[in-house]
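# Structural description and commentary
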Amino acid sequence: MEANVIWKNQLSFTTTGSNGMTIPLTADPAAGGDTEGIEPMELVAIGLAGCTALDVISILQKKRQDVTAFEVQVHAKRAVEFPKVFTDIVIEYIVTGHHVEPAAVERSIELSATKYCPVQAMLRHSCNIEHKYSIKNAI
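Residues numbered from 1 in each chain as written. Predicted model: local features only at pLDDT ≥ 70, side-chain atom pairs only at ≥ 80, totals over all residues. Heavy atoms only, no water.

For the rest of this paragraph, the subject is the overall build of the protein chain. Assigned secondary structure in the protein chain consists of three helices and six strands. Along the protein chain, helices (α) and strands (β) appear in the sequence β-β-β-α-β-β-α-α-β when read from the amino end. The dimensions of the protein chain, computed from C-alpha atoms along their principal axes, are 50 × 35 × 30 Å. Taken over 139 residues, the protein chain has a buried fraction of 29%. Relative to all contacts within the protein chain whose residues are 6 or more apart in sequence, the contacts with residues 24 or more apart total 50%. Total accessible area computed for the protein chain in this model is approximately 9,000 Å², and 56% of it derives from carbon and sulfur atoms. Each charge class in the protein chain was averaged separately, 12 positive and 16 negative side chains, and the resulting centres sit 7 Å apart. (Helix = DSSP H or I, 4+ residues; strand = E, 2+ residues; numbered from the N terminus. Buried < 20%, exposed > 50% of the residue type's maximum accessible area, 1.4 Å probe, protein only. Contact = heavy atoms within 4.5 Å. Areas by Shrake-Rupley, 256 points an atom, 1.4 Å probe, with all protein chains shown as cover. Lys, Arg positive; Asp, Glu negative; His and termini not counted. Charge placed at Lys NZ, Arg CZ, Asp CG, Glu CD.)

Structure representation (structure tokens):
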């Protein structure tokens, strides 16, 4: 895996991943950044949401759950003092489908949290992570 960050101006950068995809990167406007990119800690939260989302939807599909929509939200609190690390994270899974079994959702989340998601594995050593889910019936 490779990552590259190139300075554009002030506190604006362009980051490029191994696959060539780019993401604009910036700092908080209060620190001199702008609104033209994503902050690095947001990328960590996005990485967490994406990592566990890939796991959970894949497992639910293998369990033949009829999921019609799926969303993962990460709600993270940060320390007040520098380096302002995450202190508490709530990962909320919103599953919509037909006759989706709560036990299947719970097990999928558990497997992501304890076995498959490397982002959760790293973060759980430095902050509290809580999981919540809701199941909505598709219309």
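Additional details are given in the paragraphs that follow.
Next up on the list: the environment of Met122. Tracing the backbone shows Met122 in helix α3 (residues 118-123). A relative accessible area of 60% places Met122 in the exposed class. The spacing of Met122 and Leu48 is 74 residues in sequence and 9.9 Å in space, taken between C-alpha atoms.

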